[in-house]
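# Survey of secondary and tertiary structure
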Amino acid sequence: MHHERRDDTGGHPVGEVSAALVAAMRRAIDASEAVRGTTSPNPPVGAVVLDADGTVVGVGATAPPGGPHAEVVALREAGERARGGTVVVTLEPCRHHGRTPPCTEALISAGVAAVYVGVNDPSPVAGGGATRLRAAGIQVHTGLLAQEVAEGPLRAWLHSVRTGRPHVTWKFAATLDGRSAAADGTSRWITGEAARAEVHQLRARSDAVVVGTGTAIVDDPALTARRPDGTELDRQPLRVVVGYSDLPPGAKLRAGDVLHLRTHDPDDVLAALHARGVVDVLLEGGPRLAGAFLSAGRIDRVIGYLAPALLGAGPAALGDAGVRTISAIKRLHVTDVRRVGEDIRIDARPITESTASPPPVW
């Protein structure tokens, strides 16, 4: 199988890419997914090194802040076998000296012959690495599986760089008739164990988990990422409560690393989190807070778990989002639908000019 690739200037097809390079990029995407949630504010990049014969000799992913970037990790594993070889990397190698030296210089020193990039780096400080590599005589090709890369583990980071605010995923659980709780307010458990376990993995891969004071008071959630046996996972997100109300003594969110933002403005929330280096936000509720974020246009992804059950009464999963007429409906583009145990998981994103016609995969 062959895939066309694009050049840096016009984005037009300039040749064919071998199945080995496509496989290497998918392996690099997998490597970046494995570290998602551990690298912010740096991007979770994945890199694969092929020797001159096309054999994989190194795989790397970005370490936590202060540690080596993906290309350096992969080059260290490859050693001298990288010389004359090819590096496949999800994001354009950086050219600036931050906490670590530029990745471009590591690639040049390793003597690689070619670099295949998924997406260009949009940041004004680190971008432009491809130009530096070409000046050193290295062939650089960009756009390999660009859509898969951009919609994969790098999605939140790319969004943060381009917009100056964290990427927000709204997660909710509801019955088929859209109820997030029963008429008496009880909500445990609408979804099954498999869906709940998946939500804990979502938390572990996020930089911050956000709820309103109403949810914090009524449900008394811990918002920690836990294993099925109840023990906490090694990686925990920042827990955030939004609203003016004080939490009662003994509330789980009064203890430990919890940020209480006394505001109702989604932009204030995101500005405060951005200042802390937060890139990827998981918005967990409740309906009023979710409605405020949607009304402000600050929800970038929706993950909904629908249980095969009916309540007929009780609060809806989503509160007032400023929609007064059908012409103002908030439509979504569905990217994935699958079963999780007995529940249905829907992954979608708001339709905008950039998402109405998704680009082809190269």
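The sections below set out a description of the structure shown in this document. (Residues numbered from 1 in each chain as written. Predicted model: local features only at pLDDT ≥ 70, side-chain atom pairs only at ≥ 80, totals over all residues. Heavy atoms only, no water.)

### Concerning the overall build of the protein chain
Each helix and strand counted, the protein chain has 10 helices and 15 strands in total. By the compact-globule yardstick of 21 Å for 362 residues, the protein chain fits well, its C-alpha radius of gyration being 22 Å. By its C-alpha atoms, the protein chain is 70 × 40 × 35 Å across when sized along the principal axes. Going through the 362 residues of the protein chain one by one, you find that 48% of them count as buried. (Helix = DSSP H or I, 4+ residues; strand = E, 2+ residues; numbered from the N terminus. Rg over C-alpha atoms; globule rule 2.2 N^0.38 Å. Buried < 20%, exposed > 50% of the residue type's maximum accessible area, 1.4 Å probe, protein only.)

### Observations concerning empty space enclosed by the protein
Taken as a whole, this structure holds 1 cavity of 30 Å³ or more when the rule is applied. In this model, the largest cavity occupies a volume close to 80 Å³. Contributing to the lining of the largest cavity are 13 residues, with Arg36, Gly37, Ser40, Pro44 and Asp280 lying nearest its centre. (1 Å grid on protein atoms, 1.4 Å probe; cavity = no way out; pocket = protein on both sides within 12 Å on 5 of 7 lines; lining within 4 Å. Points joined across faces, edges and corners; volume = space filled by probe spheres on them.)

### Re the layout of surface pockets
Summary: where empty space remains is shown by rolling a probe the size of a single water molecule over the atoms. Here the largest pocket is characterised by a volume of approximately 1400 Å³. Sorting the residues of the lining of the largest pocket by element identifies strand E8 (167-175), helix H7 (193-204), strand E9 (208-212), helix H8 (213-219), strand E12 (280-285) and helix H10 (287-295) as the ones contributing at least two each. When residues of the lining of the largest pocket are assigned to their parent elements, the largest contribution, 7 residues, is made by H7. For the lining of the largest pocket, the class distribution of residues is 22 nonpolar, 14 polar and 12 charged. (Nonpolar A, V, L, I, M, F, W, Y, C, P; charged D, E, K, R; others polar.)

### Description of the nonpolar core
Of all hydrophobic cores here, the largest spans 42 residues; its most connected members are Met25, Val49, Leu75, Val87, Val112, Val115 and Leu144. Among the secondary structure elements, those contributing two or more residues to this core are helix H1 (19-35), strand E3 (46-50), helix H2 (70-78), strand E5 (86-91), helix H3 (103-110), strand E6 (114-119), helix H4 (129-135) and helix H6 (155-163). At 6 residues, H1 tops the list of elements feeding residues into this core. With 25 residues, the next largest nonpolar core counts Ala208, Val242, Val278 and Ile299 among its residues. (Core = buried A, V, L, I, M, F, W, Y, C linked by side-chain atoms within 4.5 Å.)

### Observations regarding the environment of Asp267
Its location among the elements puts Asp267 in helix H9 (residues 266-275). Take Asp267: its relative accessible area is 34%, and that puts it in the partly exposed class. Residues Asp267 and Thr352, spaced 85 residues apart in sequence, show a C-alpha to C-alpha distance of 19 Å.

### Examining H1
End to end, H1 covers 25 Å across 17 residues, agreeing with the expected 24 Å (1.5 Å per residue, within 8%). Regarding H1, the residues found buried are Leu21, Val22, Ala24, Met25, Ala28, Ile29, Ala31, Ser32 and Val35. Positive phi shows up at Gly37, right after H1, with a value of about 100°. (Expected span 1.5 Å × (residues − 1).)

### So, the pattern of salt bridges
By the definition in use, this model includes 24 salt bridges. Taking the shortest distance from any N to any O, the salt bridge between Glu151 and Arg155 comes out at 3.1 Å. Given the relative accessible area of 35%, Glu151 is considered partly exposed. A single salt-bridge network, built from bridges that share partners, covers Glu198, Arg301, Asp336, Arg338, Arg345 and Asp347. (Salt bridge = Lys/Arg side-chain N within 4 Å of Asp/Glu carboxyl O.)

### Some points on the side chain of Thr39
Here Thr39 shows up in the loop between H1 and E3. When sequence neighbours within four positions are dropped, the list of residues in contact with Thr39 reads Pro44, Thr62, Ala63 and Pro65. (Contact = heavy atoms within 4.5 Å.)

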